Amino acid sequence: MSGRVLLPTGRLAQVPYRVALIDRNVYSAEELCCTLAQCASFLDDRIRDEDLLTWLDTELGLRDLARQLRPFLKQKGALAEFAGVILLYTGYHTQAQIDGILRAIRESRGMEPFERKVAEARFSAGSGRIGQAQEQLDAVLEGLPTPEKELRARIWKEKGVLYADIFRFENAAVCFGKAWKLVRNPQYGRFYLTCLQLTVSPEELAQFLAQNRDLKGLEEHVRADLAEAERMFELGPAGRRLKKLDRALREGKLKNYDRLLAEQVRELKDEYRQSRAGIE
């Protein structure tokens, strides 16, 4: 948005509008536009809501916008058109960005229901709501027919990735293991074996591989993956911060250690606040 002067559209709401799709409160037309952009890949007709029009009118004072939207409430297949009116009226995004958002909304209409649910779960996870994302994926699993192995394996892989992202590698291993047993996809096997490498003793792992020869061939790949991940971490900002902390502690520079530790805690708090921005 650099180089553009943005003026707010309407007033700030005293009472927010609850976007049911992602359980988010919005207080302005601009926040509504951000939400439309973030949810474009899985937006559904819940946004075409009479309550939204009332809120735009009474809370934001955007009666003309509410009037323009009304014809699209009951019009079948007009979701992108409905969103487009809001985006164009508010002017928060550039025309190119609006075109991209509307294209994503139209393309999402052809997605299978399970794909939309997976996209919704990814959004929840990206917003820090890991538990909700797992519940959404569980609901997808429950809705899939038992013989459907490919899709079921993909959902178990998604669940494993969510657990791995928060360092719950034992839970992740269970999920990747289920995906691997359903479909012998090498990626699932590598993810499975990686989590086992991180959670069981070398003796247990050796015994496991002796009983699961089909995973044995992936062992070298996993070792290479872990070595590369360790190298990238050490070269990255987090690795450099840990090295500074370790050096200060070994050299007995406790004041410097406390300062570095306080900085790291502050950065983590800032990252958490940013991840929760706009979520209530």
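Undergrad: Please give an account of the overall build of the protein chain that cites residues and values.
TA: Within the protein chain, the secondary structure is distributed over 15 helices and 2 strands. Its C-alpha atoms give the protein chain a radius of gyration of 24 Å, clearly above 19 Å, the size a compact globule of 280 residues would have. For the protein chain, the spread of C-alpha atoms along the three principal axes comes to 70 × 60 × 30 Å. For the protein chain, the residues scored as buried account for 39% of the 280 residues in total. Long-range pairs, those at least 24 residues apart, make up 54% of the contacts in the protein chain with a sequence separation of at least 6. Accessible surface, the protein chain: about 16,400 Å² in total, of which carbon and sulfur atoms supply 53%. Taking the average location of the 45 positive side-chain charges in the protein chain and that of its 42 negative ones, the two points are 2 Å from each other.

Undergrad: How would you explain the pattern of salt bridges if you had to name every residue and give the values?
TA: Applying the stated criterion across every chain yields a total of 15 salt bridges. Across the pair arginine 46 and aspartate 44 runs a salt bridge, and its minimum N-O distance is 2.7 Å. Exposure remark for arginine 46: the relative accessible area of 40% places this residue in the partly exposed category. Aspartate 44 gets classed as buried once you look at its relative accessible area, which sits at 17%. Arginine 106 serves as the salt-bridge partner of glutamate 81, at 4.0 Å between the closest nitrogen and oxygen. With glutamate 81 in helix α4 (residues 79-90) and arginine 106 in helix α5 (residues 95-108), the pair connects residues that are 25 residues apart, well separated along the chain.

Undergrad: Describe in detail unusual backbone geometry, supporting the description with residues and values.
TA: Notably, phenylalanine 167 is not glycine yet its phi reads approximately 65°, a positive angle. Along the chain, the position of phenylalanine 167 falls in the loop between α8 (149-165) and α9 (169-182).

Undergrad: Hey, could you go over α9 for me, with residue numbers and the actual values?
TA: Along its 14 residues, α9 runs 20 Å from first to last C-alpha, staying within 8% of the 20 Å computed at 1.5 Å per residue. Those residues of α9 that fall on the buried side of the exposure criterion are Ala172, Ala173, Cys175, Phe176, Gly177, Ala179 and Trp180. In this structure, the buried side of α9 is in contact with α8, α10 (186-199) and α12 (213-216).

Undergrad: Please give an account of the packing of aromatic side chains that cites residues and values.
TA: Applying the stated criterion to the full structure yields 5 aromatic pairs. Relative to phenylalanine 169, the ring of phenylalanine 167 lies with its centre 6.1 Å away and its plane at 70°, an arrangement referred to as edge-to-face. Residue class for phenylalanine 169 comes out partly exposed when judged on its relative accessible area of 23%.

Undergrad: Report on the confidence of the model for the protein chain, specifying residues and quantitative values.
TA: Per-residue confidence for the protein chain gives a mean pLDDT of 84, with 91% of residues at or over 70. Low confidence marks residues 275-280, where pLDDT is under 50. Its contacts with residues over four positions away, or in another chain, come to 12 contacts.

Undergrad: Run through the nonpolar core, naming residues and quoting values.
TA: Formed by 40 residues in total, the largest nonpolar core has its most connected members in Ile47, Leu52, Leu56, Phe82 and Ile105. Broken down by element, the residue count for this core peaks at 7 residues, all from α4. By size, the runner-up hydrophobic cluster in this structure holds 34 residues, among which are Ala153, Ile155, Leu215 and Leu218.

Undergrad: Before we move on, can you summarise the packing of α8 against α10 with the specific residues and values?
TA: Between α8 and α10, the least distance of the axes is 11 Å, while the angle of their chain directions is 30°. Read as a crossing pair, α8 and α10 show a hand that is left-handed. Residues Ala153, Arg154 and Lys157 of α8 pack against Gln187, Tyr188 and Phe191 of α10.

Undergrad: Kindly report on a positive patch on the surface, identifying the contributing residues and their values.
TA: On the surface, Arg240, Lys243, Lys244 and Arg247 cluster together into a positively charged patch. In this fold, arginine 240 is placed in helix α14 (residues 237-250). With a relative accessible area of 43%, arginine 240 lands in the partly exposed category.

Calculation rules
Residues numbered from 1 in each chain as written. Predicted model: local features only at pLDDT ≥ 70, side-chain atom pairs only at ≥ 80, totals over all residues. Heavy atoms only, no water. Helix = DSSP H or I, 4+ residues; strand = E, 2+ residues; numbered from the N terminus. Rg over C-alpha atoms; globule rule 2.2 N^0.38 Å. Buried < 20%, exposed > 50% of the residue type's maximum accessible area, 1.4 Å probe, protein only. Contact = heavy atoms within 4.5 Å. Areas by Shrake-Rupley, 256 points an atom, 1.4 Å probe, with all protein chains shown as cover. Lys, Arg positive; Asp, Glu negative; His and termini not counted. Charge placed at Lys NZ, Arg CZ, Asp CG, Glu CD. Salt bridge = Lys/Arg side-chain N within 4 Å of Asp/Glu carboxyl O. Expected span 1.5 Å × (residues − 1). Phe/Tyr/Trp six-rings, centres within 6.5 Å; stacked < 30°, edge-to-face > 60°. pLDDT = per-residue confidence, 0-100. Core = buried A, V, L, I, M, F, W, Y, C linked by side-chain atoms within 4.5 Å. Axes fitted to C-alpha atoms, helices over the stretch in contact; angles between N-to-C directions. Left-handed = near helix turned anticlockwise from the far one by under 90°. Patch = residues over 30% accessible without salt bridge, like charges linked within 9 Å, V, L, I, M, F, W, Y side chains within 5 Å.

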